[in-house]
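Residues per chain, in single letters:
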Amino acid sequence: MSKQLPIVDAECCSPLVREPLSEAQAADLAKVFKAVGDPVRLRLLSLIASHDGGEACVCDLTEAFALTGPTISHHLKVLRESGLITGERRGTWIYYRVQPESLARLSAVLTPAEAPVVTL
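Residues numbered from 1 in each chain as written. Predicted model: local features only at pLDDT ≥ 70, side-chain atom pairs only at ≥ 80, totals over all residues. Heavy atoms only, no water.

Chemist: With reference to specific residues and values, describe the pairing of strand E3 (residues 93-98).
Modeler: In this structure, strand E1 (residues 55-57) lies alongside E3, joined through 3 bridges in antiparallel fashion. Bridged to Cys 57 within E3 is Tyr 95. For strand E2 (residues 85-90) and E3, the ladder comprises 6 bridges, and the chain directions are antiparallel. Directly across from Arg 89, in E3, lies its bridge partner Ile 94. Counting the residues in the hairpin turn of E2 and E3 gives 2 residues, including Gly 91, whose phi is positive at 70°. (Pairing = 2+ DSSP bridges. Helix = DSSP H or I, 4+ residues; strand = E, 2+ residues; numbered from the N terminus.)

Chemist: A description of the nonpolar core should follow, citing residues and the corresponding values.
Modeler: Within the largest apolar cluster, 21 residues are counted, with the highest numbers of intra-cluster contacts made by Leu 44, Ile 48, Leu 76, Leu 84 and Ile 85. Elements that contribute at least two residues to this core include exactly helix H1 (23-36), helix H2 (39-50), helix H3 (58-62), helix H4 (69-81), E3 and helix H5 (100-110). Ignoring anything within four residues of it in the chain, the contact list for Leu 76 reads Leu 44, Ile 48, Val 58, Leu 61, Ile 85 and Tyr 96. (Core = buried A, V, L, I, M, F, W, Y, C linked by side-chain atoms within 4.5 Å. Buried < 20%, exposed > 50% of the residue type's maximum accessible area, 1.4 Å probe, protein only. Contact = heavy atoms within 4.5 Å.)

Chemist: Lay out the pattern of salt bridges with the relevant residues and their values.
Modeler: Overall, the coordinates contain 4 salt bridges when judged by the stated rule. In this structure, Arg 90 and Glu 55 form a salt bridge, with 2.9 Å as the shortest nitrogen-oxygen distance. With a gap of 35 residues between them, Arg 90 in strand E2 and Glu 55 in strand E1 connect regions that are remote in the sequence. Relative accessible area serves as the criterion here: at 19%, Glu 55 is assigned to the buried category. Where Arg 97 meets Glu 55, a salt bridge forms, and the shortest distance between an N and an O atom there is 3.2 Å. Of the two residues, Arg 97 sits in strand E3 while Glu 55 sits in strand E1, which places them 42 residues apart along the sequence. Classification of Arg 97 by relative accessible area gives partly exposed; the value is 37%. Here the salt bridges share partners, and the residues they tie into one network are Glu 55, Glu 88, Arg 90 and Arg 97. (Salt bridge = Lys/Arg side-chain N within 4 Å of Asp/Glu carboxyl O.)

Chemist: Run through the side chain of Glu 55, naming residues and quoting values.
Modeler: At 3.2 Å, the side chain of Glu 55 forms a polar contact with the side chain of Arg 97. The residues touching Glu 55, leaving out its near neighbours within four places in the chain, are Ile 48, Arg 90, Tyr 95, Tyr 96 and Arg 97. (Polar contact = N/O pair within 3.5 Å; in protein donor to acceptor, adjacent residues only side chain to side chain.)

Chemist: Which residues make up H2, and what are the values?
Modeler: Taking 1.5 Å as the rise per residue, H2 with 12 residues should run 16 Å; its terminal C-alpha atoms sit 16 Å apart, in good agreement. Considered for burial, the residues of H2 that qualify are Val 40, Arg 41, Leu 44, Leu 45 and Ile 48. What you see down the axis of H2 is that its buried residues fit within an arc of 135°, all on one side. For H2, exposure combined with an orientation more than 90 degrees from the buried face picks out Pro 39 and Ser 50. Between the side-chain oxygen of the N-cap and the backbone nitrogen of Val 40 there are 2.8 Å, and the N-cap of H2 in question is Asp 38. (Expected span 1.5 Å × (residues − 1). Arc of directions from axis to C-beta.)

Next comes the structure, spelled out in structure tokens:
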């Protein structure tokens, strides 16, 4: 199976505004942010998270892009290896689900001490 990259543990570090990250923490986080730094991967993450039931079949994801199946598979692999999603094979299809604790950890690191309400 694929190797999971470690994500900063919410217990181990404070948000950036309170305490600097260690070199190792910064390197680990950079890998995860790099995974979501690509527009296709960010959109895949959003499609999976917002899909009915919180999981999406790869067959549903490929239809949303003008990209080949292998390209979509590569992007999903990067997201999986970063720990942002998991995949479960069911028959011939793989179903993906977002790892909410991974998103929460990323969010916690970037949350200022007094977080303003932000609307997208």
